[in-house]
Amino acid sequence: EAQVTQNPRYLITVTGKKLTVTCSQNMNHEYMSWYRQDPGLGLRQIYYSMNVEVTDKGDVPEGYKVSRKEKRNFPLILESPSPNQTSLYFCASSYGETQYFGPGTRLLVL
Amino acid sequence: SQQGEEDPQALSIQEGENATMNCSYKTSINNLQWYRQNSGRGLVHLILIRSNEREKHSGRLRVTLDTSKKSSSLLITASRAADTASYFCATDGDSNYQLIWGAGTKLIIKP
């Protein structure tokens, strides 16, 4: 089944404790992206990747890092999480215009 | 950056009625897409309409695009309880791969 998976689905952590949210797709898509979704603000892009070893900042990259060492994986790294990074995070991949989304990761930073 | 703005922000209708939601955008586009999001879940692509198209249908969905007004509408006919969700429009950004999202319309279908 074609899909985008994210782990973990839910995460509670404390300020400053490094964490990684994994994202994997099995559709051989070149493009992958991370979004955060906050009430009333819609989806805001954090980082995106056009292909392996090619990443670029989206609209809200501060406090996040990404890497793209393999085509299928695009992890999101929060080196020192802060409470304002509490949000719902989505990974997406695409080949053309249509994006395919993962199920989301709900993060709470205390 | 946020380009699309959905209207209304929330809509509550009776099952069986038609639901119409609108999206306005600011810059010229190549295409516009509509996505659905069930509560707290990932977005699902519904339909894409290109800038040279005026109307497109998919099942109970009808999308129109007016590039002169920089607006699009999504019509869901004969609504069902399962249509309860948030609906987002997205326009292409600097490349076909980057999408610019609106804040969404929350649709509630009352049984």
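Notes on the structure follow. (Residues numbered from 1 in each chain as written. Chains lettered and ligands numbered in written order. Predicted model: local features only at pLDDT ≥ 70, side-chain atom pairs only at ≥ 80, totals over all residues. Heavy atoms only, no water.)

### Quick notes on the sheet that holds strand β7 (residues 65–66) of chain A
Residues and elements named next belong to chain A. Taken in spatial order, the 4 strands line up as β1-β3-β8-β7 in an open sheet, and their pairing is antiparallel. The open sheet has two free edges, formed respectively by β1 (4–7) and β7, since each of these has just one partner strand. Across 3 bridges, strand β3 (residues 19–25) lies against strand β8 (residues 76–78) in antiparallel orientation. In the strand pairing of β8, L19 is matched with L78. (Pairing = 2+ DSSP bridges. Helix = DSSP H or I, 4+ residues; strand = E, 2+ residues; numbered from the N terminus.)

### With respect to the pattern of salt bridges
Under the criterion given, the structure shown has 8 salt bridges over all chains. Residue E53(B) is joined to K56(B) by a salt bridge in which the shortest nitrogen-to-oxygen separation is 4.0 Å. You can call E53(B) partly exposed: its relative accessible area is 25%. A salt bridge links D83(B) to R60(B); the nearest nitrogen and oxygen atoms lie 2.9 Å apart. Pair noted here: D83(B) is in the loop between β8 (71–76) and β9 (85–92) and R60(B) is in the loop between β6 (55–58) and β7 (61–66), with a separation of 23 residues, a long-range link. The class of D83(B) is buried, set by a relative accessible area of 8%. Overlapping salt bridges bring together K18(A), K65(A) and E79(A) as one network. (Salt bridge = Lys/Arg side-chain N within 4 Å of Asp/Glu carboxyl O. Buried < 20%, exposed > 50% of the residue type's maximum accessible area, 1.4 Å probe, protein only.)

### Brief notes about the environment of P103(A)
Relative to the assigned elements, P103(A) resides in the loop between β10 (99–101) and β11 (105–109). Between the C-alpha atoms of P103(A) and C91(A), which are 12 residues apart in sequence, the distance is 8.1 Å. Not counting the four nearest positions on each side in its chain, P103(A) is found in contact with V4(A), T5(A), Q6(A), R9(A), F90(A), G40(B), R41(B) and G42(B). (Contact = heavy atoms within 4.5 Å.)

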